[in-house]
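Fold and contact review
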Amino acid sequence: GTLLADYALTHTSRPQAFFRLRSDEFINAALNLTAPQWLYGRRNTLWNPQQIPLAEIVEVLPPAPAGREPLH
């Protein structure tokens, strides 16, 4: 979505599913984590104004910084 916004391309975002996963070695390396932990994410579809899908995306969020309370 950020690239589309940077280039002023009109789009909508429609999350399809939310999930929780345990990080593995690959994800730990990508997010610079030192140990497995629970992470959260979503499957999302980006659509253009004509309702044609532009992208199917799986997003995984890094953990909140230490000392920061999660949103409830």
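So, here is what we can say about the structure in this document. Remember, predicted model here, so these are calculated numbers, not experimental data.

Definitions and limits used
- Residues numbered from 1 in each chain as written.
- Predicted model: local features only at pLDDT ≥ 70, side-chain atom pairs only at ≥ 80, totals over all residues.
- Heavy atoms only, no water.
- Pairing = 2+ DSSP bridges.
- Helix = DSSP H or I, 4+ residues; strand = E, 2+ residues; numbered from the N terminus.
- Axes fitted to C-alpha atoms, helices over the stretch in contact; angles between N-to-C directions.
- Buried < 20%, exposed > 50% of the residue type's maximum accessible area, 1.4 Å probe, protein only.
- Contact = heavy atoms within 4.5 Å.
- Patch = residues over 30% accessible without salt bridge, like charges linked within 9 Å, V, L, I, M, F, W, Y side chains within 5 Å.
- Areas by Shrake-Rupley, 256 points an atom, 1.4 Å probe, with all protein chains shown as cover.
- Salt bridge = Lys/Arg side-chain N within 4 Å of Asp/Glu carboxyl O.

Our focus in this paragraph is the pairing of strand β3 (residues 53-60). Where a strand is regular, its side chains alternate between the two sheet faces. Of the strand pairs in this sheet, strand β2 (residues 38-47) and β3 are connected by 7 bridges, and their pairing is antiparallel. Residue pairing in the sheet places Trp 47 in a bridge with Pro 53 of β3. Hairpin connection between β2 and β3: a loop of 5 residues separates the two successive antiparallel strands, and Gln 51 in this loop has a positive phi of roughly 65 degrees.

Here we take up the sheet that holds strand β1 (residues 12-22). Either a parallel or an antiparallel arrangement is found when strands of a sheet pair, and the pairing is made through backbone hydrogen bonds. Taken together, the 3 strands give an open sheet; going across it, the order is β1-β2-β3, and neighbouring strands pair in antiparallel fashion. Strand pairing shows two members of the sheet lacking a second neighbour, β1 and β3, which therefore form its edges. On average, each strand axis in the sheet is tilted by 15 degrees relative to the strand beside it, whichever way the strands run. Looking at chain direction, β1 and β2 are connected through 10 bridges and run antiparallel.

Okay, the environment of Ala 55 next. Structurally, Ala 55 can be placed in strand β3. Since its relative accessible area comes to 25%, Ala 55 is described here as partly exposed. Each C-alpha atom of the pair Ala 55 and Ala 35 lies 31 Å from the other, and the pair is 20 residues apart in sequence. Beyond its immediate stretch of four places on either side in the chain, Ala 55 contacts Asn 44, Thr 45 and Leu 46.

So, on to a nonpolar patch on the surface. Taken together, the side chains of Leu 3, Tyr 7 and Leu 9 define a hydrophobic patch exposed on the protein surface, amounting to about 390 Å² of accessible area. Under the relative-accessibility criterion, Leu 3 is labelled exposed at 61%.

Any link to function would need more than the numbers given here.
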